[in-house]
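# Structural description and commentary
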Amino acid sequence: MNLGHMDRYAKSLMKEAGHKIRISFFKQIDIDSKADANDLVTNIDREVEQFFISRIQRDFPEHKILGEEGFGDDIQTLDGVIWMLDPIDGTMNFVHQKRNFAISLGIYVDGVGMLGYIYDVMREDFYSAAKGEGAYLNDERLPQLEITPLEQAVIGISASWIAPNRFVDNEKMIELVQRCRGTRSYGSAAIELAYVAAGRIDAYISMRLSPWDIAGGMVIAQEVGAVTTNMKGQAPHLLGQEPFIVARPGLHHDILTNYIRLKE
Ligand code: 2AM
Ligand code: CA
């Protein structure tokens, strides 16, 4: 397997898809909802996923694809090469704001993340990493993350997890919000992972993420020393939805042990 070739190929595919999304604002965008009324999907999400799949199937016929919109393969195990794709991460932002969404792609080999990409399409910020070779924002290498105490940390978190909810003890989350320096919510898991990697926020927490939301970002974040786990401190299993945390080392342990109380 030639990872260098796959890396160049994936980067050019991402850029081409980003261009398609930018020009999509000049045509009709049809909005549907999925599981619930606020879980949005558009014809552009579907078209971009189909674009990736047709290219990958043509040029890497042995590889499998896990895509959010379901046009890829039915993935039951992590064996082999799997491209984990979210064609638009942050669809609500795509629809309401026309910015703050990303294409997210991770390429995994036998369950190990080898290549990761997040493309903030409207800013044209391209985050990428190859396992063991560092992470980049456009052409600049991202530095290793240093330790930051909670009192100086900015945490990416949605207000959903501070309000009473069925996943986590929200009183502990209120304590977390009160102790940290500040909170931010960008509405795209991929962008929040990229921001942790770039040192713009210090942690990101979500109680319900899917493999395609985190696959690319995990490769990038790990390359700068961020810790990425589920709320039990284990590697995310990447075959279904799970609570997720990414943070600087030290801070990850502090948040997980002192503030996260899952409701089982
Ligand atoms: P999406 O826009 O691709 O659906 C917003 O809070 C972040 O969480 C986005 O990255 C969004 O991805 C993801 N997200 C929202 N609802 C989700 C759900 N039900 N399952 C998995 N991911 C979800
Ligand atoms: Ca999506």
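What this report covers is the structure whose coordinates are included nearby.

What counts, and where the lines are drawn
Residues numbered from 1 in each chain as written. Chains lettered and ligands numbered in written order. Predicted model: local features only at pLDDT ≥ 70, side-chain atom pairs only at ≥ 80, totals over all residues. Heavy atoms only, no water. Buried < 20%, exposed > 50% of the residue type's maximum accessible area, 1.4 Å probe, protein only. Helix = DSSP H or I, 4+ residues; strand = E, 2+ residues; numbered from the N terminus. Phe/Tyr/Trp six-rings, centres within 6.5 Å; stacked < 30°, edge-to-face > 60°.

### Some points on helix α5 (residues 189–197)
- Counting buried positions along α5 gives nine out of nine residues, so the element sits mostly inside the fold.
- Regarding α5, the residues found buried are Ala-189, Ala-190, Ile-191, Glu-192, Leu-193, Ala-194, Tyr-195, Val-196 and Ala-197.
- Once α5 ends, the next one or two residues include Gly-199, with phi positive near 80°.

### Some points on the packing of aromatic side chains
- Evaluated as defined, the whole model comprises 11 aromatic pairs.
- Pairing Phe-51 with Phe-52 gives two aromatic rings, centres 5.9 Å apart and planes at 75°, and the pair type is edge-to-face.
- On the accessibility criterion, Phe-51 (10% relative accessible area) is buried.
- Phe-52 gets classed as buried once you look at its relative accessible area, which sits at 0%.
- A connected cluster of aromatic rings, assembled from ring pairs, spans Tyr-9, Phe-60 and Trp-83.

### Considerations on unusual backbone geometry
- In this structure, Asp-110 takes a positive phi of about 50° despite not being glycine.
- Within the secondary structure, Asp-110 sits in the loop between β5 (102–109) and β6 (112–120).
- Although it is not a glycine, Leu-238 adopts a positive phi angle of roughly 65°.
- One can find Leu-238 in the loop between β13 (227–229) and β14 (242–247).

Function cannot be read off these values alone, since they describe shape.
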